[in-house]
Amino acid sequence: MNIADYKGVWVFAEQRDGELQKVALELLGKGRAIADKLGVKLTALLVGGEGMEEATKELVAFGADEVIYAHNPLLKHYTTDGYTKVICELANEKKPEIILVGASFIGRDLGPRVAARLSTGLTADCTGLETEDGTNHLLMTRPAFGGNLMATIICADNRPQMATVRPGVFSKLAKDENRNGDVQTIAMDIKESDIRTKTEEVVKLAKSVADITEAEFIVSGGRGVGSKENF
């Protein structure tokens, strides 16, 4: 492996039902700072079904220099096999230096599989990302030993350098609809035989439940409160 061949910062732009997830936009904010320091492009990697052109514009507006939109009807819903195959094929072809993935339930499943397939390392559940002057090593900081200390990890000998990042750690940039960026739309060659699981139906049970990750303040109480009215 020639590390010098690897350039650029990629952010996996997680989407569900065609809607971009907040953690993807947060990672674009941090990825923008890292890419600017390294003097490279920031790329948003969007994997999904057809008709996500509006999402590509939103990714550019939130800081991406370019968007790789890899689409196929079989990629509409997340599957480990399908998404891993697509990301690894593109990474082997384009050779990004850094890949950032949100530590959602999708990212925690996808990140390790991609890292193993690419024969590289991955630091999970990061709360801090910086780059080392002179080496361009990504300094990936995460809690260790039950949160009693913070460990900073580097992937010195392999590329790409990969990290999953907890939602809410970084702030997304202000949306700038006047930004310009390149969009590469790639029709991926994915067959049903490539995917060992099949999504029959998506059922959402918690349709009206508020997303507490979006709350500025959370008030919590135990049984001692006695009743809902006592709050």
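Everything discussed here concerns the structure shown above.
Bear in mind the structure is a predicted one, so any value in this text is a computation, not a measurement.

With that settled, consider helix 1 (residues 22-38). Look at helix 1: 25 Å from first C-alpha to last across 17 residues, which is about the 24 Å you get at 1.5 Å a residue. Across the 17 residues of helix 1, 13 count as buried, placing the element largely inside the fold. Gly39 occupies a position one or two residues after helix 1 and carries a positive phi of about 70°.

The next thing to look at is the pattern of salt bridges. All told, the structure shown has 16 salt bridges when counted by the stated rule. Asp65 is the partner of Arg32 in a salt bridge, and the nearest nitrogen-oxygen pair spans 3.0 Å. In this pair, Arg32 sits in helix 1 while Asp65 sits in the loop between helix 2 (53-61) and strand 5 (66-71), placing the two residues 33 residues apart along the sequence. Taking the relative accessible area as the measure of exposure, Arg32 reaches 13% and is therefore buried.

In this section: the side chain of Asp125. Following the sequence through the fold, Asp125 ends up in strand 7 (residues 122-126). Note on Asp125: relative accessible area 12%, which makes it buried. A distance of 3.2 Å separates polar atoms of two side chains, one belonging to Asp125 and the other to Arg108. Aside from chain neighbours lying at most four places away, what touches Asp125 is Ala103, Arg108, Arg142, Pro143, Thr164 and Arg166.

This next bit is on the nonpolar core. Counting residues in each nonpolar core, the largest one holds 34 residues, and the members touching the most others are Val9, Leu28, Leu46, Leu59, Leu100 and Leu129. When residues of this core are traced back to their parent elements, those giving at least two are strand 1 (9-12), helix 1, strand 4 (42-48), helix 2, strand 5, strand 6 (98-102), strand 9 (138-144) and strand 11 (161-165). Examining the composition of this core, we find that eight residues originate from one element, helix 1, more than from any other. In this structure Leu28 touches Val11, Leu42, Ala44, Leu59, Phe62 and Ala64, once residues within four positions along its chain are discounted.

Another point: unusual backbone geometry. Excluding glycine, most residues fall at negative phi; most peptide bonds, likewise, are trans. Cis geometry marks the peptide bond from Arg159 to Pro160; its omega dihedral reads 0°. Along the polypeptide, Pro160 turns up in the loop between strand 10 (149-153) and strand 11. Backbone geometry places Asp17, a non-glycine residue, at a positive phi of 55°. Within the secondary structure, Asp17 sits in the loop between strand 2 (15-16) and strand 3 (19-20). If you check the backbone angles, Lys95 has positive phi at about 55° while not being a glycine. Of note, Lys95 is situated in the loop between helix 3 (80-94) and strand 6.

The rules behind the values
The residue numbers shown here count from 1 along each chain, following its written sequence. Whole-chain, interface and lining totals are the exception, using all residues; otherwise, since this is a predicted model, local features are given only for residues with pLDDT of at least 70 and side-chain atom pairs are given and counted only at 80 or more. Water and hydrogen atoms were dropped before computing side-chain values, which therefore reflect all heavy atoms in the structure. Helix and strand assignments follow DSSP, with helices taken as H or I runs no shorter than four residues and strands as E runs no shorter than two, numbered in order from the N terminus. Expected span of a helix, by definition, is 1.5 Å for each gap between consecutive residues, and there is one gap fewer than residues. The buried label goes to any residue with under 20% of its type's maximum accessible area, the exposed label to any with over 50%, and the partly exposed label to all in between, with areas taken from a 1.4 Å probe on protein chains only. Take a side-chain nitrogen of Lys or Arg and a carboxyl oxygen of Asp or Glu: if they are within 4 Å of each other, that pair is a salt bridge. In protein, a polar contact requires one atom able to donate a hydrogen and another able to accept it; more generally it is a pair of N or O atoms within 3.5 Å, and residues adjacent in sequence count only if both atoms are side-chain atoms. Residues are treated as being in contact if the distance between any of their heavy atoms lies within 4.5 Å. Here, the term nonpolar core denotes a set of buried Ala, Val, Leu, Ile, Met, Phe, Trp, Tyr and Cys residues that are joined through side-chain atoms within 4.5 Å.

Read these as spatial facts, not as claims about activity.
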